[in-house]
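# Structural overview for review
Here is how the chains run, residue by residue.
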Amino acid sequence: MNPVRWLALSLVPMMALPPQLLLAQSPAVPKNLDGYSQSASSIEQSWETKFRDLPEPARIRENMRVLSAQPHHVGSPYDKQNAEWLLAQFKSFGWQAQIENFYVLFPTPRERLVQLLDSSGKPTFTASLQEPPIPVDPTSSQTAEQLPTYNAYSADGDVTGPLVYVNYGTREDYEELDRMGISVKGAIVIARYGQAWRGIKPKVAAEHGAIGCILYSDPADDGYGVSDSYPKGGGRPAEGVQRGGVNDTEFPGDPLTPGVGATKDAKRLAIKDSPIITKIPVLPISYADATPLLKSIDGRVVPVKWRGALPITYHVGPSTASKVHLKMFSNWDMKTVHDVIARIPGSTLPDEWVIRGNHHDAWVNGASDPISGISAELEEARAMGELLKQGWRPRRTVIYCAWDGEEPGLLGSTEWAETHADELRQHAVMYLNSDGNGRGYFSAGGTHGLEHFIDSVASQVIDPEKNIPVIERTRLRQIARATPAERAALRSRPDLPIRALGAGSDYETFMDFIGLPSLNIGFGGEDHGSQYHSIYDDFYWYTHFEDTTFVYGRALAQVAGTAVMRMADAELLPYNFNNTASTVRTYVDQVQQLLKTEQDKVAETNREIQEGVFSATSDPKEPIAAPKSEPLPPFLNFAPLQNGSHALTDAAHAYESAVAKLESGSGAALDSPGIDAVNHELMQTERAFFLAKGLPDRPYYKHQLYAPGAYTGYGVKTLPAVRESIEQHKWSVASQATVDVGGVLQKEAETITAAEKLLPQPAAQ
Ligand SMILES: [Zn+2]
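The shown structure was predicted, so the numbers you read here are calculated from the model rather than taken from an experiment. (Residues numbered from 1 in each chain as written. Predicted model: local features only at pLDDT ≥ 70, side-chain atom pairs only at ≥ 80, totals over all residues. Heavy atoms only, no water.)

Looking now at the coordination of the zinc ion. At 2.0 to 2.5 Å from the zinc ion lie its protein donor atoms, namely His 359 (NE2), Asp 369 (OD), Asp 435 (OD) and Asp 435 (OD). Classification of the site at the zinc ion as irregular follows from its 4 donor atoms and the range of 55 to 144° in their angles at the metal. In the primary structure, the donors to the zinc ion are separated according to the pattern H-x9-D-x65-D. With a gap of 10 residues between them, His 359 in strand β13 (residues 349–359) and Asp 369 in helix α9 (residues 367–389) connect regions that are remote in the sequence. You'll find His 359 and Asp 369 in the same group, each marked buried. (Donors = N, O, S within 2.8 Å, 3.2 Å for Na, K, Ca; no water. Tetrahedral: all angles 85-135°; square planar, octahedral: opposite > 155°, others 65-115°. Helix = DSSP H or I, 4+ residues; strand = E, 2+ residues; numbered from the N terminus. Buried < 20%, exposed > 50% of the residue type's maximum accessible area, 1.4 Å probe, protein only.)

With that settled, the discussion passes to the sheet that holds strand β6 (residues 163–165). Pairing within the open sheet is parallel, and its 4 strands lie in the order β6-β7-β8-β10. In this open sheet, the two edge strands, each paired with only one partner strand, are β6 and β10 (282–285). Across the sheet, the axes of successive neighbouring strands diverge by a mean angle of 25°, strand direction being ignored. Relative to strand β7 (residues 188–192), β6 is paired through 3 bridges, and the arrangement is parallel. Residue pairing in the sheet places Val 164 in a bridge with Val 189 of β7. (Pairing = 2+ DSSP bridges. Axes fitted to C-alpha atoms, helices over the stretch in contact; angles between N-to-C directions.)

Before going further, it helps to spend a moment on the domain arrangement of the protein. Once the domains are mapped, the protein shows domain 1 (22–105 + 335–465 + 500–574), domain 2 (108–332) and domain 3 (578–758). Computed from C-alpha coordinates alone, the two centres of domain 1 and domain 2 are separated by 32 Å. Contacts between the two partners involve 37 residues from domain 1 and, on the opposite side, 51 residues from domain 2. Summing both partners gives a buried area of about 3400 Å² for domain 1 against domain 2, and 57% of it is carried by carbon and sulfur. It is Tyr 103, Leu 105 and Tyr 536 in domain 1 that bury the most area against domain 2; as a group they hold 23% of the surface buried on that side. Ranked by residue count, the leading element in the side of domain 1 that touches domain 2 is helix α11 (residues 411–419), at 5 residues. (Domains from an automatic or database assignment. Contact = heavy atoms within 4.5 Å. Buried area = accessible area lost by both parts, 1.4 Å probe.)

Tracing the chain through its elements places Asn 576 in the loop between α18 (551–569) and α19 (577–610). When its relative accessible area of 3% is taken as the criterion, Asn 576 is described as buried. Sequence spacing of Asn 576 and His 452 is 124 residues, and the spatial spacing of their C-alpha atoms is 6.5 Å.

For the pair helix α13 (residues 451–458) and α18, interaxial distance at closest approach is 9 Å and the crossing angle is 125°. As summarised for this structure, α13 and α18 are arranged oblique, according to the angle between their axes. Taken as a pair, α13 and α18 cross one another with a handedness that is right-handed. Contact residues: α13 offers Phe 453, Ile 454, Ser 456 and Val 457, while α18 offers Val 559, Thr 562, Ala 563, Arg 566 and Met 567. Taken together, the residues that form the contact of α13 with α18 break down as 6 nonpolar, 2 polar and 1 charged. (Parallel < 35°, antiparallel > 145°, perpendicular 65-115°, else oblique. Left-handed = near helix turned anticlockwise from the far one by under 90°. Nonpolar A, V, L, I, M, F, W, Y, C, P; charged D, E, K, R; others polar.)

By the bridge criterion, 9 bridges tie strand β2 (residues 108–117) to strand β11 (residues 323–331) in an arrangement that is antiparallel. In the sheet register, Arg 112 faces β11, and the bridge partner there is Met 328. In this sheet, β11 lies alongside strand β5 (residues 157–161) in antiparallel orientation, the contact comprising 5 bridges. The residue of β11 that forms the bridge with Val 159 is Leu 326.

Quick look at the packing of aromatic side chains now. Overall, the coordinates contain 21 aromatic pairs when judged by the stated rule. Between the aromatic rings of Tyr 230 and Tyr 536, the centroid separation amounts to 5.9 Å while the plane-to-plane angle is 55°, which identifies the pairing as tilted. Taken together, the positions of Tyr 230 in the loop between α7 (219–222) and β9 (244–245) and Tyr 536 in the loop between β17 (518–525) and α17 (539–545) put the pair 306 residues apart, joining distant regions of the chain. A single burial state applies to Tyr 230 and to Tyr 536, both of which are buried. Members of the aromatic cluster, each reached through a chain of ring pairs, are Tyr 230, Tyr 536, Tyr 540 and Phe 545. When the ring centre of Trp 47 is taken as reference, the NZ or CZ atom of Lys 50 above it lies at 4.5 Å. Cation over ring: Arg 425 sits above Phe 513, and NZ or CZ is 5.3 Å from the ring centre. (Phe/Tyr/Trp six-rings, centres within 6.5 Å; stacked < 30°, edge-to-face > 60°. Lys NZ or Arg CZ within 6 Å of the ring centre and 35° of its normal.)

Given below as structure tokens:
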């Protein structure tokens, strides 16, 4: 809450001194923690220091060995066994713990086929659709327990058609196909993994008339183009396949119970009515299986940026001498998910909850995704258990969750959050998530009211290899990689910017549907390749190529555990609104720039059409379809957004300076009964960004600052109602959205001001 103090602490020394002079064994400690009076702050810091000494890499390694010993996807025996083992661990650490079950639709493959047919319809190649065991890797041979390679929530279907290569299969790639005059209507498309979330690929393919979709891992993206192939290196081998859900992004969780918990007696949609199952059959394959298919495609050679790393000439197609036969049928079964929920009741404020989660289910053995994360979370829980024995009691209730069913579609976290939605909105003050963890740089994403909070926590954890605070290592990398203009901004900003979050792990429902201040944290960036969602993401691979000594597992436990304790014990909730306001100002500038860019683009294309550019350059062998002319995008009224952003900036400044006064000196006023009312008002601040009607076309997503992109999936869209309607040229929607979102910013400003008015008077010094 005190940017000046933070600046003095971390930014100035970093700029003034070369990093090697910053090698402090223990990092600088702020005088009073934000939201703490002096006495509470010193007690908290001594508990936090004790906590950070406790996590042990060897125990994190042992957690991983146990949890990744066998395949443990949703509905498998080892998935249930892991949940029971986690439950027993939490209990043995002194936590109250239980398993909550939900009942979800989880299809598994019944029939899979990919064949190449010659012109007479005779098969000339059949894809293996297998990941073979690797002799040095003991768990890779657990064939009987492994889930076959497939994409969950693919439609059933048996289709035959010519093959078209569509690069990553994003909307932009189809625009490029349009320019080449190539249609995928009636064809099967083959798209490489990467760039956008995998579920977007069959969705966009179906929108363009394709009848089937094959996904493959090109070695350029996570194979030998990046790293030596496993087991020589960590890169994906020729037969490695990425499994994964392909459900549409309308809502996360169980496809049959949108918006409500998938309890035993919940009202369910019929499977055929669920809007999130794909419209066409989809199957993922390895590049060993993809190579003959890609070789069979003829026609135009692909644009340079569409080339992968296979030793072939990539063609777009459609294939003329051969066809592809694709068959995919699932067992559409209901499965039980086992969420492990553990708690330590708060001593003073048991009705305020700090929630921490990581999933425990995997596609196969999942050593990296997610066991590296849950193994660290469990070690945090053990360390807090040790503190309990020494007399620590959190002020607020701490809830640790081990989610099931994340992989197919955030099932366990979403169904739990939906079941407990009312309680969560009433009681929860933060949701902190992690998932797979690796070696390298600390990164954080989340709601910006927690930016300063997580930065200050991460300034107190030392990078195990570089011996500087983990936040400083990240900051130095961000500055090194930035453009000169961005560098200046990064240096002048007191806090390291955190990413806005789209989708991709269990924070989604908490952030976009419940409305909690949320964070997603982890380490990575120095890994040697990826075995993402393959049988080779296992203990042998992880302990040879990832965080092999588990010191980054310990660092994750230290950051996450410190954040939980600090939020749980604070007198005043340490939310910071200046960072939110400055981030919103950036977003408002961006959407205005975006409209201008769209206007320029349309104007230029219209001019080119008039000048006859396209008819003059068109080559009959490789035709370029002329784009259609389009009316110029209208000007939009951004005043409501700008006014809302101003109001938010003013309210944030007023609140922060009032809090700075309270926190100065002994900060005794923070330890007064009046603080409870402030905290209750603060608990409404994230939800003030909600609109009850949600986003245009996506009512589930209520948050008006962040959402997963309708056409990017994982990738976030900020000010999504405004930004996506401009991108999609939906001008009346955009015009309404600037008014709606402007109103939301005003509502946020009012909520912050209401909290400010409730602050007690500073105690006499
Ligand atoms: Zn995961």
